[in-house]
Amino acid sequence: MSVLPLVFTSGWASGINAYAVVLLLGVFGAAGLTDEVPASLQRTDVLIVAGVLFLCEAVADKIPYVDSIWDSVHTVVRPVAGAVVAALLAGESGSLPELAAGAVGGSTALMSHLVKAGSRMAINASPEPFSNIAVSTAEDLGVAGIITFAIFHPVAAAVIAGTLLALGMVTVVFLASRIRRFWRRRAQRRVERRPTAAAGVDRPPW
């Protein structure tokens, strides 16, 4: 129970940027700032891989439409990462607390991921790319801030994460119309490309 607030917060953050969570927890553990981080997250190879993937996400997450493709690929990755990190934080391999922590971390990561993916679809309905960059940067800073805060004040950080998750879910509901518009525009583009492609194929070589 004592690690539950950190489990919840890390799950919420994993749904937004799982690689940043692994990287930050590993660095904090290796630096001796906390005893809650298991040794498996502090390994050098884990930190290197998490760092490289974090840089890849930092770039892809700021490009319109590419960010939504990236999110769709990570629909499985982020919840699984949230569950694994939560289970490692709970310790006692195979125990009931570890399984419970994994369920909390994974389900929280899935909810926050759906909020992020849904809001990005709405943002991509606008033609300019600056909102993507601004939102992505705010997410990166938010994850870094909340995980750092959770190391020293886990309960307060969990309350903040829960509040942000609830607000995000409400916001996505209000943005549902823009999300539907996003999918309609994508479907329209696909329909427009098909006649062009067919014309290119059927055109005589002379």
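**Brief notes about unusual backbone geometry**
Comment: phi is negative for the bulk of residues other than glycine, and the bulk of peptide bonds are trans. In this structure, Y65 is a non-glycine residue whose phi angle is positive, near 70°. Tracing the backbone shows Y65 in the loop between α2 (44-60) and α3 (66-90).

**Some words on helix α5 (residues 130-152)**
Between the first and last C-alpha of α5 there are 34 Å, a value that for 23 residues agrees with the 33 Å anticipated at 1.5 Å per step. All of the buried residues along α5 are N132, S136, E139, D140, V143, I146, I147, A150 and I151. On the buried face of α5, the contacting elements are α1 (4-30), α3, α4 (96-123) and α6 (154-174).

**With respect to the packing of α1 against α5**
Remark: α1 packs on α5, axes separated minimally by 9 Å, with the N-to-C direction vectors making an angle of 80°. Classified by the angle between their axes, α1 and α5 sit roughly perpendicular to one another. Where α1 approaches α5, its residues L6, T9, S10, W12, A13, I16, N17, A20, V21, L24, L25 and F28 are matched on the opposing element by E139, D140, V143, A144, I146, I147, T148, A150 and I151.

**Here's the deal with the environment of L99**
Among the secondary structure elements, L99 is positioned in helix α4. Linking L99 and A87, residues 12 residues apart in sequence, is a C-alpha distance of 6.5 Å.

**Notes on the nonpolar core**
One recurring pattern in soluble globular proteins: nonpolar side chains tend to sit buried together. Formed by 28 residues in total, the largest nonpolar core has its most connected members in W12, A13, L25, V143 and I147. Elements supplying a minimum of two residues to this core: α1, α3, α4, α5 and α6. The dominant element in this core, judged by the number of residues it contributes, is α1, at 10 residues. Once residues lying within four places of it in the same chain are set aside, the contact partners of A13 are A18, V21, V143, I146 and I147.

**Here's the deal with the environment of C56**
Mapping C56 onto the fold places it in helix α2. With relative accessibility at 38%, the residue C56 sits in the partly exposed group. As for C56 and Y19, which are separated by 37 residues in sequence, their C-alpha atoms are 9.8 Å apart.

**Concerning the pattern of salt bridges**
Evaluation of the coordinates by the stated rule reveals 10 salt bridges. Between R43 and D45 there is a salt bridge; the shortest N-O distance is 2.5 Å. The partly exposed category is assigned to D45, whose relative accessible area is 39%. Of the charged contacts in the structure, one is a salt bridge between R120 and D67, with a shortest N-O distance of 3.1 Å. With R120 in helix α4 and D67 in helix α3, the pair connects residues that are 53 residues apart, well separated along the chain. Both residues of the pair, R120 and D67, count as buried. Sharing partners across several salt bridges, the network here consists of E57, D61, D67, D71, R78, K116, R120 and E139.

**Details of the side chain of R78**
With respect to the helices, strands and loops of the structure, R78 is situated in helix α3. When residues no more than four places from it in sequence are discounted, the contact partners of R78 are S14, G15, I16, A18, E57, W70, D71, A109, H113 and K116.

Rules behind the numbers
- Residues numbered from 1 in each chain as written.
- Predicted model: local features only at pLDDT ≥ 70, side-chain atom pairs only at ≥ 80, totals over all residues.
- Heavy atoms only, no water.
- Helix = DSSP H or I, 4+ residues; strand = E, 2+ residues; numbered from the N terminus.
- Expected span 1.5 Å × (residues − 1).
- Buried < 20%, exposed > 50% of the residue type's maximum accessible area, 1.4 Å probe, protein only.
- Contact = heavy atoms within 4.5 Å.
- Axes fitted to C-alpha atoms, helices over the stretch in contact; angles between N-to-C directions.
- Parallel < 35°, antiparallel > 145°, perpendicular 65-115°, else oblique.
- Core = buried A, V, L, I, M, F, W, Y, C linked by side-chain atoms within 4.5 Å.
- Salt bridge = Lys/Arg side-chain N within 4 Å of Asp/Glu carboxyl O.

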